Amino acid sequence: MKETFSGRVWLLGDDIDTDIIIPTEYLALKTVQDMAPYAFSPLRPELASQIRPGDIIVAGKNFGCGSSREQAPEIIKALGVRCVVAKSFARIFFRNAINNGLLLIENADLRDAAAEGDTITVEMNRQIIHQGKAYPIASLPQNLMDIIEAGGLVKAMRRLNGLED
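These numbers were taken from a predicted model, which means no experiment stands behind them. (Residues numbered from 1 in each chain as written. Predicted model: local features only at pLDDT ≥ 70, side-chain atom pairs only at ≥ 80, totals over all residues. Heavy atoms only, no water.)

## Topic: the side chain of Thr 18
And step 1. Structurally, Thr 18 can be placed in helix H1 (residues 18–21).
And step 2. Given a relative accessible area of 1%, Thr 18 falls into the buried group.
And step 3. With near-sequence residues (within four places) excluded, Thr 18 lies in contact with Gly 64, Cys 65, Gly 66, Ser 67, Arg 69 and Ala 72. (Helix = DSSP H or I, 4+ residues; strand = E, 2+ residues; numbered from the N terminus. Buried < 20%, exposed > 50% of the residue type's maximum accessible area, 1.4 Å probe, protein only. Contact = heavy atoms within 4.5 Å.)

## Looking at the pattern of salt bridges
And step 1. Applying the stated criterion across every chain, the model contains seven salt bridges.
And step 2. Salt-bridge contacts for Asp 19 lead to Arg 69; the nearest nitrogen and oxygen are separated by 2.8 Å. Taken together, the residues Asp 19 in helix H1 and Arg 69 in the loop between strand E2 (56–59) and helix H4 (71–78) connect sequence positions 50 residues apart.
And step 3. Residue Asp 19 is classed as partly exposed on the basis of its relative accessible area, which comes to 35%.
And step 4. Residue class for Arg 69 comes out buried when judged on its relative accessible area of 13%.
And step 5. Glu 46 is the salt-bridge partner of Arg 44, the closest N and O atoms lying 3.5 Å from each other.
And step 6. By relative accessible area, which is 35% here, Glu 46 ends up partly exposed.
And step 7. One network of salt bridges, in which partners are shared, links Arg 44, Glu 46 and Glu 116. (Salt bridge = Lys/Arg side-chain N within 4 Å of Asp/Glu carboxyl O.)

That is the geometry; function is a separate question.
Rendered as structure tokens:
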């Protein structure tokens, strides 16, 4: 995994639940790619079409609360979001995101300092830089980093067992 990367910020608030990330009515669509244009539509209908590969979502507390639908982190990843930085994450969303290869970073202060459209730089397992200020971040355990780097749990297990395609 690239140790340092930068991306444009999209700001979201507290308690962004999985029904906001992908509303129930779109779960019947065939693929995650078919669902992706409807991501965040109850909150900001235009957002999915504005996100570009490498962008970063910065949110408040309890991101990913609600149901345990696995499509929520899959859709964020399908939009090309590089990572989500939030004050806190719902536990089941955190695990679903890791299992699908989506990087999540907890930081209590960045959401209140960043503005939408800002660029931030993430130094993995070390800090986030925003407008010259460093925001320390915790290191993820190596086993979780291996899963993210592989693109998800299934890919990581295939790699571990010598079954890469």
